[in-house]
Amino acid sequence: YRTLWLSDIHLGNRDCKAEYLLSFLNSITVDTLYLVGDIVDMWQMTKQFRWPQAHNQVMHKFMQMSQDGTRVVYLPGNHDEPIQSYSGMVFGDIEIERELVHTTAQGKRYLVLHGDQFDGDVTMGKFHAWIGDKGYDL
């Protein structure tokens, strides 16, 4: 693949399907991988820390891919919000950006960002974010 977009993986959450993702990632090669928000569910992890081996393996796979030549860009969302403050930095070989423009081989341009930037429940305050988080757990 030239480009792959993944979002809302929610590593650290009991409902995460990390084994399926790891199987998929091990079966492909990709030039550019965009991790578009909520990759790590830090909201859930503040309530109950859960980090099974498969979640660790997924993170290691992202790092391995970046070291093996895949451009990996992490665009944090609301569930991994603390990482937003590192926008513009590079950790290992993984770029951290809040948003960017992807240009396809045909010259089309796409804005890449996590949708939380347009979610009034998230951007309007902690109470709304808390309500949204509770609804997500239902």
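Residues numbered from 1 in each chain as written. Predicted model: local features only at pLDDT ≥ 70, side-chain atom pairs only at ≥ 80, totals over all residues. Heavy atoms only, no water.

Draft legend 1. Structural detail: the confidence of the model for the chain. Here the chain shows a mean pLDDT of 88. Residues at 70 or above account for 83%. Across the chain, the secondary-structure element scoring lowest on mean pLDDT is helix H4 (residues 120-123), at 51, and the one scoring highest is helix H1 (residues 18-26), at 98. (pLDDT = per-residue confidence, 0-100. Helix = DSSP H or I, 4+ residues; strand = E, 2+ residues; numbered from the N terminus.)

Draft legend 2. Molecular detail of unusual backbone geometry. One non-glycine residue with positive phi stands out, namely His-10, at about 60 degrees. Inspection of the secondary structure assignment puts His-10 in the loop between strand E1 (3-6) and H1. Given the relative accessible area of 4%, His-10 is considered buried. One non-glycine residue, Asp-38, lies in the positive phi region at around 55 degrees. By the element assignment, Asp-38 lies in the loop between strand E2 (32-36) and helix H2 (42-47). Asp-38 gets classed as buried once you look at its relative accessible area, which sits at 2%. (Buried < 20%, exposed > 50% of the residue type's maximum accessible area, 1.4 Å probe, protein only.)

Draft legend 3. Representation of the environment of Ala-54. Summarising the element assignment, Ala-54 is placed in helix H3 (residues 53-67). Separated by 43 residues in sequence, Ala-54 and Leu-11 place their C-alpha atoms 9.2 Å apart. With residues up to four places along the chain from it excluded, the contact list for Ala-54 reads Ala-18 and Glu-19. (Contact = heavy atoms within 4.5 Å.)

Draft legend 4. Geometry of the packing of aromatic side chains. For the coordinates displayed, the defined rule picks out two aromatic pairs. On the numbers, 5.8 Å between centres and 25 degrees between planes, the contact of Trp-5 with Tyr-34 is stacked. Highlighted residues: Trp-5 in strand E1 and Tyr-34 in strand E2, separated in sequence by 29 residues. Ring plane angle 85 degrees and centroid distance 5.3 Å describe the contact between Tyr-86 and Phe-91, whose orientation is recorded as edge-to-face. Classification of Tyr-86 by relative accessible area gives partly exposed; the value is 37%. Overall, Phe-91 belongs to the partly exposed group, its relative accessible area being 42%. (Phe/Tyr/Trp six-rings, centres within 6.5 Å; stacked < 30°, edge-to-face > 60°.)

Draft legend 5. Fine view of the packing of H1 against H3. Axis separation between H1 and H3 bottoms out at 9 Å; the angle between their running directions is 25 degrees. Considered as vectors, H1 and H3 are oriented roughly parallel to each other. Pair H1 / H3 crosses with left-handed handedness. Contacts between H1 and H3 pair Ala-18, Glu-19, Leu-21, Leu-22, Leu-25 and Asn-26 from the former with Ala-54, His-55, Gln-57, Val-58, Lys-61, Phe-62 and Met-65 from the latter. Among the residues forming the contact of H1 with H3, the class breakdown is eight nonpolar, three polar and two charged. (Axes fitted to C-alpha atoms, helices over the stretch in contact; angles between N-to-C directions. Parallel < 35°, antiparallel > 145°, perpendicular 65-115°, else oblique. Left-handed = near helix turned anticlockwise from the far one by under 90°. Nonpolar A, V, L, I, M, F, W, Y, C, P; charged D, E, K, R; others polar.)

Draft legend 6. Examining the side chain of Thr-32 more closely. Inspection of the secondary structure puts Thr-32 in strand E2. Setting aside its immediate chain neighbours within four residues, Thr-32 contacts Arg-2, Thr-3, Leu-4, Thr-70 and Arg-71.

Draft legend 7. View of the environment of Tyr-86. Mapped onto the elements of the fold, Tyr-86 is located in the loop between strand E3 (71-75) and strand E4 (90-91). Between the alpha carbons of Tyr-86 and Ile-96 there is a distance of 6.4 Å; along the sequence they are ten residues apart. When residues no more than four places from it in sequence are discounted, the contact partners of Tyr-86 are Phe-91 and Ile-96.

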